[in-house]
Amino acid sequence: MLFRNIRKVVKYSFYSGVTIGGTVVAFKYRDGDYDSLAIVRLSRAALTAVNIGRTYQSMLYSREWDKASKEYIQAKSDAHTIGAAKLLELCKANKGVYIKVGQHVGALDYLLPNEYVQTMRVLHKDAPRNSLEELYEVIREDLKKDPEDLFEEFDSEPLGTASLAQVHKAKLKDGSEVAVKVQHHFVRKNIKIDLQWMEFIINVMSKVFPDFQMQWLVDETKKNITKELDFLQEGKNAEKVSELFRNYTWLKVPKIYWEYSSERVLVMEYVTGGQVNDVKYLEKHNISKPDLCTKLGDLYSHMIFVTGFVHSDPHPGNILVHKDPQDKDVSVYLLDHGLYAQLSDKFRYHYSKLWLSIIARDRDKIRVHAEHLGIEKELYGLFACMVTGRPWDAIMKGIDKSGPSSDEKTTFQNEIPNFLHYVTQCLEHVDRQALLVLKTNDLIRSIEYSLGVQERMCGFLVMTKCCTKSIYNLDYKNSSSLVKKQLLNLKYSWSLFVLYIYGYCLYLRNAVRLYS
């Protein structure tokens, strides 16, 4: 039965590919860009879906297994590894939206099988690149000038390539060093058909393999991709976050050169530094890893719980650090402002309440606030694990008592695939605002692990303060009674005092651990 379903996927995939692709083939072929042909892209995607399906069919679903056996666990891991490799090959070949989805998969550290996450993570730094002439053509079309008239110098080697664009160092005629972000020429041509076809494949595969319910990923990509394609909006986001956090003297956001920018070209101040997870760079420049993680925790806690304006792509390539010998403090450069989540007051209130309920180990309140975020009653525990990145046992012992260990992370990642069906149920039904927040949480956690400071709980205290502040602000805003407002003030002041005592105890514990 399963294999008949797969054969149907093949049949209808090719019929759809030929029908849709045939309408554009004549136009695309004149450009000489074989990979832009719709029929090529659709057929390639269809074949990949079929091949992944056959992999699972032959390795997992063709026999009965004892799902607790080592043999089954190994076979499942092998199938995931092969499937992930095939998906990576498709993303690299079709580029554009496929790379973007692959990067999203690579960021879901605790939510998808580890084999897929680790395989797709290479797309954050190894996306396909365009030729210099292809970039120049986009600049000419958008800015109506030859690049030679705009730039004194333009490096041929990119500083970085991503799913939608690549960045090159250049020098303006006035001598200013800049970073020039140019959108890939093929992205807008293929985006609509790519999204439709990707949605079709995921819908079919979810029927063949019920554990893989990924419609939420398509919905998120469709909602966010148009925002990320508008580089003028990215420039506005950069200026907005710079203004919101102007008191964070260590936070730097590159200046935007508006006169050289358009929807597909963004010219920014050129900055240098090491990636936030580059341990050798941090040690060479005497940058404190705990202090750095505390700063990031402070920044993102205020974004999520207080301002509601959240930079939603904090992978290491988008956070640079810099410190000269004469500098007292490190500078943190926040890059790539194309994707921001704007969280509603209602979401921030219940998400803050959820975190404080988790810290208090209050099952009833965890369930109540998880339900307010769209989670079914029986899945509140799993959702709490997804939010914190901690096993349920650790939550019940108290996540304020100790930070996550590397062994705990390994155990968690090994167990999550056993609950994949329920994980995808959570992702399908949760308030869509939570999806970008979960992704952001995972990326920040991965930075902490890469720096080896996860057990120090660097950002835990400031996150708890931000949750408390968010709830206080929203309750105070919605209260019309002077008496109630005074009670809220007293309650908030007491909470800050308790957190001060807790912070001092945490400081002493870390000091003892450091010198023991």
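Residues numbered from 1 in each chain as written. Predicted model: local features only at pLDDT ≥ 70, side-chain atom pairs only at ≥ 80, totals over all residues. Heavy atoms only, no water.

## With respect to the environment of valine 180
Argument step 1. Within the secondary structure layout, valine 180 lies in strand β4 (residues 177-183).
Argument step 2. Residue valine 180 is classed as buried on the basis of its relative accessible area of 0%.
Argument step 3. With 11 residues separating them in the primary sequence, valine 180 and lysine 169 have C-alpha atoms 6.2 Å apart. (Helix = DSSP H or I, 4+ residues; strand = E, 2+ residues; numbered from the N terminus. Buried < 20%, exposed > 50% of the residue type's maximum accessible area, 1.4 Å probe, protein only.)

## Observations regarding the confidence of the model for the protein
Argument step 1. Overall, the predicted model of the protein reaches an average pLDDT of 84, with 85% of residues at or above 70.
Argument step 2. Within the protein, the lowest mean pLDDT, 42, falls on helix α1 (residues 2-29), and the highest, 98, falls on strand β6 (residues 265-269).
Argument step 3. Confidence drops under pLDDT 50 across residues 1-32; counting only partners more than four residues distant or on other chains, this segment forms 44 contacts. (pLDDT = per-residue confidence, 0-100. Contact = heavy atoms within 4.5 Å.)

## Overview of the pattern of salt bridges
Argument step 1. Applying the stated criterion to the full structure yields 26 salt bridges.
Argument step 2. For the salt bridge of arginine 140 with glutamate 133, the shortest nitrogen-to-oxygen distance reads 2.9 Å.
Argument step 3. The salt bridge partner of lysine 181 is glutamate 234, with a shortest N-O separation of 3.0 Å. Residue lysine 181 is located in strand β4, and its partner glutamate 234 is located in helix α10 (residues 231-244); the two are separated by 53 residues in the primary sequence. (Salt bridge = Lys/Arg side-chain N within 4 Å of Asp/Glu carboxyl O.)

## Examining the pairing of β4
Argument step 1. Summarising burial for β4: six of the seven residues are buried, a large majority.
Argument step 2. Where β4 meets β6, five bridges bridge the pair, whose relative direction is antiparallel. Note on β6: the bridge partner recorded for valine 180 is valine 267. (Pairing = 2+ DSSP bridges.)

## Considerations on unusual backbone geometry
Argument step 1. In this structure, asparagine 286 is a non-glycine residue whose phi angle is positive, near 55 degrees.
Argument step 2. Within the secondary structure, asparagine 286 is located in the loop between α11 (279-284) and α12 (289-307).
Argument step 3. The phi angle at arginine 361 is positive, at roughly 60 degrees, despite the residue not being glycine.
Argument step 4. Tracing the backbone shows arginine 361 in the loop between α13 (345-360) and α14 (363-372).
Argument step 5. The class of arginine 361 is partly exposed, set by a relative accessible area of 35%.

## Here's the deal with the side chain of threonine 161
Argument step 1. With respect to the helices and strands, threonine 161 occurs in strand β2 (residues 160-161).
Argument step 2. Overall, threonine 161 belongs to the buried group, its relative accessible area being 15%.
Argument step 3. Setting aside chain neighbours within four positions, we find threonine 161 in contact with His124, Ala127, Pro128, Arg129 and Gln166.

## Side note on the packing of aromatic side chains
Argument step 1. Taken as a whole and judged by the stated rule, the model has 12 aromatic pairs.
Argument step 2. Note on phenylalanine 305 and tyrosine 351: the rings are 5.6 Å apart at their centroids and 15 degrees apart in plane angle, and the pair reads as stacked. Pair noted here: phenylalanine 305 is in helix α12 and tyrosine 351 is in helix α13, with a separation of 46 residues, a long-range link. An identical accessibility class is assigned to phenylalanine 305 and tyrosine 351; each is buried.
Argument step 3. Arranged with centres 4.3 Å apart and planes meeting at 5 degrees, the rings of tyrosine 472 and tyrosine 492 form a pair that is stacked. A residue pair is termed long-range when its members are at least 10 positions apart, and tyrosine 472 in helix α20 (residues 460-477) and tyrosine 492 in helix α21 (residues 482-515) qualify at 20 residues. (Phe/Tyr/Trp six-rings, centres within 6.5 Å; stacked < 30°, edge-to-face > 60°.)

## Some remarks on the packing of helix α15 (residues 380-388) against helix α18 (residues 420-429)
Argument step 1. Interhelical geometry of α15 versus α18 gives an angle of 80 degrees and a closest axis separation of 10 Å. By the angle class used here, α15 and α18 are roughly perpendicular. In this structure, α15 contributes Leu382, Phe383 and Met386 to the contact, and α18 contributes Tyr422, Val423, Cys426 and Leu427.
Argument step 2. Taken together, the residues of the contact of α15 with α18 sort by class into seven nonpolar, no polar and no charged. (Axes fitted to C-alpha atoms, helices over the stretch in contact; angles between N-to-C directions. Parallel < 35°, antiparallel > 145°, perpendicular 65-115°, else oblique. Nonpolar A, V, L, I, M, F, W, Y, C, P; charged D, E, K, R; others polar.)

## Focus on the sheet that holds strand β7 (residues 274-275)
Argument step 1. If you trace the four strands from one edge of the open sheet to the other, you get β5-β10-β9-β7, paired in mixed fashion. Strands with a single pairing partner mark the edges of an open sheet, and in this sheet they are β5 (251-252) and β7.
Argument step 2. Looking at chain direction, β5 and strand β10 (residues 331-334) are connected through two bridges and run parallel. Looking across to β10, one finds that leucine 251 is bridged to valine 332.

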